[in-house]
Amino acid sequence: MRVTNNMIMNNASFNINGTKGGVNDRNTQMTTQKKINKPSDDPVVAIRSLRLSTTLSKVNQYYKRNIPDAQSWLDVTETALLNIKSLMTDARTLSVKGSTDTLTQTDRETILTQLEKLQQAMFAEGNADYAGRTVFTGYRTDRDLVFMSDDNITEYSITQEFTSDDLETHRYYYGSVTVPDSPVRAKAELALKETDNTAYNQMDDAQIAETYTSEYYRVRLGYDKVKIADTDEDGTVSEDEIKATLKFSNNDINTKIADSTYKIHVYDNSSDPNWFQACVADSTDPVTVADDEIVFLKETGEIIFGANVANEIKTTNSKLRVDYYKAGFEEGELRPEYYYNCTYHDIPNDKDVEYTKFTTDLEGFNADEIQFDIEYTVAVNQTITVNTEASDVFNSDILRDITEMIATVKKSIAAHEKIDKIIVLQGEAQYDDKASQDALAAYKTAAQKEADFADNDLQKLFSTEIGKLDGYLAQVNLGITNLGCVTDSLALTEKRMSDQQETVQELQSQNDDIDLSQIIIEYTAAYTAYQASLTAAGKLGQQTLLNYI
């Protein structure tokens, strides 16, 4: 084969370009410290690199974003629960103090102030939020759990359910002494009481009133100041509407209500004159719930059962469904949609919004609670629920209990203030005559009886609250424990994701990165070959045909 000079020069040029390309490739590798610059350099390395990059991106999403976000949510929730636990513990301490019989007026006033502060602080914790998202309201994180101010506009129809275990005994007191500006009327009342006790008891505004106590089983709605679902403007409600409002799972009880064996009465409160007048058979026990009666108190949201009704509920383990209406909420009250099946009445826009917290059976009683979980994906095929719903750790019972405690302390304080005022009147010179002193003594005796009843009520109520608060604390502690289990699980997942991140990064480095010392050697060899090709080509260019003539 004949080889021409052009062929030699072309080959030399090709070889120079080849070695130059080798130098360029090694230079790029040495600069980037990567094995390939484009997929065509090595398709196998490129495919593995893409797979490892995708895996690392997922791991980083879990490890650097999802897990820290979930941990922050759990931390905020735990802090709020610990604060609620601390407040409940303080309330329990006050209950222990109030259950003693050695309280002074200063002690009562101190307890009252502390209870009012606790009431304000306790459910403010229910609105704890993380990055503007409320942590106790399920996935409705844009809504507060607790009304932060008085709201006279908001209206709800609420369905609440009770079991026989919810029945509790409660004492009811009736009668109050009105301290006179002077003993003049006291003389007249005292004379009437001594001459015609029946006429005296029928006085609507008697100032020297007797104090009585009764004890019955009751259940307490989640709210006070409620109405029967279809209460008319004048506050009245038909018998059929009352029967529809209270529905028992035991049909025998429903039948007895329907045929009026069990009678239902609706009153404003335990001091309602209608209750007093309707129940007085004699003056020895004016506040009475007959054995076959049910009393509904709208102001306090209580349903009181006579002995026979309560016994049948307990022996048959019957459930009670109550439909009622709540218009206007006070600061600190819980929003109903997080605890009950209810309907929000948007009056300005003339529309209703229904909220479902429980599925119901064919008879309309609660079946299963609906959970509004917020789940974070913290690893491949692994999710955790980060939120704790308010209904799982606390409800309105603690708020209602503190409200009752406050009212009881106020009643005791007021009763003792009456005694102090009467003592002051007894010491005034203008009332030093025997008739005035006898009248004031009658007032003082009645006031002392009222104070004794109030102190006894305070002591017994606070003693009961110790056990109830222990139950509330146990529920909060369970919530904190469950939260701790989730936190521990998340910590293990975080450790695993950290190890997985290191492993994937190491595999990616092995696949993508090139050893620097090796590439330097290869670059040097390629550069030497390039220089040699240039030298050889240069020598070829120096030879011509004249050199051989």
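Parameters and conventions
- Residues numbered from 1 in each chain as written.
- Predicted model: local features only at pLDDT ≥ 70, side-chain atom pairs only at ≥ 80, totals over all residues.
- Heavy atoms only, no water.
- Helix = DSSP H or I, 4+ residues; strand = E, 2+ residues; numbered from the N terminus.
- Buried < 20%, exposed > 50% of the residue type's maximum accessible area, 1.4 Å probe, protein only.
- Contact = heavy atoms within 4.5 Å.
- Areas by Shrake-Rupley, 256 points an atom, 1.4 Å probe, with all protein chains shown as cover.
- Core = buried A, V, L, I, M, F, W, Y, C linked by side-chain atoms within 4.5 Å.
- Pairing = 2+ DSSP bridges.
- Axes fitted to C-alpha atoms, helices over the stretch in contact; angles between N-to-C directions.
- Parallel < 35°, antiparallel > 145°, perpendicular 65-115°, else oblique.
- Left-handed = near helix turned anticlockwise from the far one by under 90°.
- Nonpolar A, V, L, I, M, F, W, Y, C, P; charged D, E, K, R; others polar.
- Salt bridge = Lys/Arg side-chain N within 4 Å of Asp/Glu carboxyl O.
- Phe/Tyr/Trp six-rings, centres within 6.5 Å; stacked < 30°, edge-to-face > 60°.
- Expected span 1.5 Å × (residues − 1).
- Bend = angle between axes of the 7 residues up to and from the residue.

Draft legend 1. Broad picture of the overall build of the protein. In terms of helices and strands, the protein carries 13 helices and 17 strands. Taking all 549 residues of the protein together, the buried fraction comes to 42%. Taking as baseline every contact in the protein between residues at least 6 positions apart, the subset at least 24 positions apart corresponds to 76%. Just so you have it, the protein exposes about 28500 Å², and 50% of that area is on carbon and sulfur atoms.

Draft legend 2. Broad picture of the nonpolar core. Judged by nonpolar contacts, the single largest core of 86 residues is most densely connected at Ile 303, Phe 305 and Phe 394. Here this core gets 12 residues from one element, more than from any other, and that element is helix α2 (residues 43–98). The residues contacting Ile 303, other than those within four sequence positions of it, are Tyr 217, Arg 218, Val 219, Leu 221, Leu 246, Ile 294, Val 295, Phe 296, Leu 320 and Val 322. Of all hydrophobic cores here, the second largest spans 10 residues; its members include Ile 419, Leu 425, Ala 447 and Ala 451.

Draft legend 3. Broad picture of the sheet that holds strand β4 (residues 168–174). Read across the open sheet, the five strands follow the order β4-β5-β10-β9-β8; overall the sheet is mixed. A single partner strand is all that each edge strand has here, and the edge strands are β4 and β8 (263–267). Strand-to-strand, the axes of this sheet are offset by a mean angle of 35 degrees, without reference to chain direction. Of the strand pairs in this sheet, strand β9 (residues 293–297) and strand β10 (residues 302–305) are connected by four bridges, and their pairing is antiparallel. If you follow Leu 297 over to β10, its bridge partner there is Glu 302. Against the sheet, helix α11 (residues 396–426) engages β4, β5 (212–220) and β10, with an angle of about 165 degrees to β5.

Draft legend 4. Molecular detail of the packing of helix α3 (residues 105–122) against α11. In the contact formed by α3 and α11, the axes pass within 9 Å of each other and the chain directions differ by 155 degrees. Comparing their axes, α11 and α3 come out roughly antiparallel. As for how α3 packs across α11, the hand of that crossing is left-handed. Where α3 approaches α11, its residues Gln 105, Arg 108, Glu 109, Ile 111, Leu 112, Leu 115, Glu 116, Gln 119 and Met 122 are matched on the opposing element by Ile 398, Leu 399, Ile 402, Thr 403, Met 405, Ile 406, Val 409, Lys 410, Ser 412, Ile 413, His 416 and Glu 417. Of the residues belonging to the contact of α3 with α11, the class tally is 11 nonpolar, five polar and five charged.

Draft legend 5. Quick look at the environment of Leu 74. With respect to the element layout, Leu 74 can be found in helix α2. With relative accessibility at 0%, the residue Leu 74 sits in the buried group. A sequence separation of 413 residues divides Leu 74 from Thr 487, and the C-alpha atoms of the two residues are 7.0 Å apart. With near-sequence residues (within four places) excluded, Leu 74 lies in contact with Val 386, Leu 483, Val 486, Thr 487 and Leu 490.

Draft legend 6. Examining the pattern of salt bridges more closely. Here the structure, examined in full by the defined rule, presents 27 salt bridges. Put simply, Arg 143 and Glu 337 hold a salt bridge, and the shortest N to O gap is 3.1 Å. Here Arg 143 is found in the loop between β2 (133–134) and β3 (151–162), whereas its partner Glu 337 is found in the loop between β11 (320–329) and β12 (341–346), with 194 residues between them in sequence. You can call Glu 337 buried: its relative accessible area is 1%. Between Lys 256 and Glu 312 there is a salt bridge, and its shortest N-O distance comes to 3.0 Å. Placement of the pair is Lys 256 in helix α7 (residues 251–258) and Glu 312 in helix α9 (residues 307–315), with a sequence separation of 56 residues. By relative accessible area, Lys 256 is classed as partly exposed at 28%. Taking the relative accessible area as the measure of exposure, Glu 312 reaches 10% and is therefore buried. A single salt-bridge network, built from bridges that share partners, covers Glu 168, Arg 218, Arg 220, Glu 302, Asp 401, Glu 404, Glu 465 and Lys 468.

Draft legend 7. Region of the structure containing the packing of aromatic side chains. Going through the model one piece at a time under the given rule, you end up with nine aromatic pairs. Taking the centre distance of 6.0 Å and the plane angle of 75 degrees together, the rings of Trp 73 and Tyr 130 count as edge-to-face. With a gap of 57 residues between them, Trp 73 in helix α2 and Tyr 130 in strand β1 (residues 129–130) connect regions that are remote in the sequence. On the basis of relative accessible area, Tyr 130 is assigned to the buried category, the value being 18%. Ring centres of Tyr 223 and Phe 329 lie 5.5 Å apart, and the angle between their planes is 90 degrees; on these two criteria the pair is classed as edge-to-face. Remark: Phe 329 occurs in strand β11 and Tyr 223 occurs in the loop between β5 and β6 (227–228); sequence separation between them is 106 residues.

Draft legend 8. A look at α2. Its 56 residues give α2 an end-to-end C-alpha distance of 81 Å, which sits within 8% of 82 Å, the value for a rise of 1.5 Å per residue. The sharpest bend along α2 reaches about 30 degrees and sits at Asn 66, with the proline Pro 68 one to four residues further on.

Draft legend 9. Representation of the pairing of β12 in the model. In terms of burial, β12 is largely enclosed, as five of its six residues are buried. Bridge count between β3 and β12: five bridges; the pairing is antiparallel. Along β12, the bridge assignment pairs Ile 158 with Cys 342. Here β12 runs beside strand β13 (residues 351–355); their pairing, made up of five bridges, is antiparallel. Looking at β13, one finds that Tyr 344 is bridged to Val 353. What sits between β12 and β13 in their antiparallel hairpin is a turn of four residues, with Asp 350 showing a positive phi close to 55 degrees.

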